[in-house]
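# Residue-level structure breakdown
Chain residues, written in single-letter form:
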Amino acid sequence: MSPRLVPRATDRVRRMETPLTVTVDGEPVRGIAGQTVAGLLLASGRTAWRATGSGAPRGVFCGIGVCFDCLVTVNGERDVRACRTRAHDGDAVSTQARGEQDERGER
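Along each chain, numbering runs from 1 in the same order as the chain's sequence is written. Where totals are concerned, whole chains, interfaces and linings use all residues; where local detail is concerned, this predicted model gives features only for residues with pLDDT of at least 70, and gives and counts side-chain atom pairs only at 80 or more. By convention in this description, side-chain values take in all heavy atoms of the structure and omit both hydrogens and water.

## Some remarks on unusual backbone geometry
Even without glycine at this site, D25 takes up a positive phi of about 50°. What counts as a helix is a DSSP run of H or I of at least four residues, what counts as a strand is a run of E of at least two, and both are numbered from the N terminus. Among the secondary structure elements, D25 is positioned in the loop between β1 (19–24) and β2 (27–32). Relative accessible area decides the class of each residue, using a 1.4 Å probe on protein chains only: under 20% of the type maximum gives buried, over 50% gives exposed, and in between gives partly exposed. Classification of D25 as partly exposed rests on a relative accessible area of 38%. Positioned with a positive phi, D79 is a non-glycine residue whose angle comes to about 60°. The class for D79 is partly exposed, based on a relative accessible area of 42%.

## What about the pattern of salt bridges?
By definition, a salt bridge exists where a carboxyl oxygen of Asp or Glu is found within 4 Å of a side-chain nitrogen of Lys or Arg. Applying the stated criterion across every chain, the model contains three salt bridges. A salt bridge links R46 to D25, with the shortest nitrogen-to-oxygen separation between them at 3.9 Å. On the criterion of sequence distance, the pair formed by R46 in the loop between α1 (37–43) and β3 (50–51) and D25 in the loop between β1 and β2 is long-range, its members being 21 residues apart. Assessed through its relative accessible area of 21%, R46 is described here as partly exposed. Linked through salt bridges whose partners overlap, the residues forming this network are R50, R58 and D69.

## With respect to the sheet that holds strand β4 (residues 57–58)
What the three strands build is an open sheet, ordered β4-β3-β8; its pairing is mixed. The open sheet has two edge strands with one neighbour each: β4 and β8 (96–97). Note on pairing: two strands pair once DSSP finds at least 2 bridges between them. Two strands pair when backbone bridges link them, and β3 and β8 are joined in this way by two bridges, in the parallel orientation. Residue pairing across strands places R50 opposite Q96, the latter belonging to β8.

Keep in mind these numbers describe shape, not what the thing actually does.
Structure, rendered in structure tokens:
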């Protein structure tokens, strides 16, 4: 995974991606159609988006959906693996911390 977004004007491969925008903790983040949520977060400069019970930061560890280090909330659905979920234009992504409750009071 590339930790940066290649501007179309300097892309030697001449890809024709469709741009998209998601909100991450209320801030707009740009990406391209087909990126995973984890790829989009990495390209925006974020390396961690979850905290363990001790407060230790977590982001992508395995990158293939085996571990649970990259969990985020997407459009209100908690515990979504960012490395396995494609970003869609208009998605609302929220970072998580272990032990947080959702709006229904569930953990």
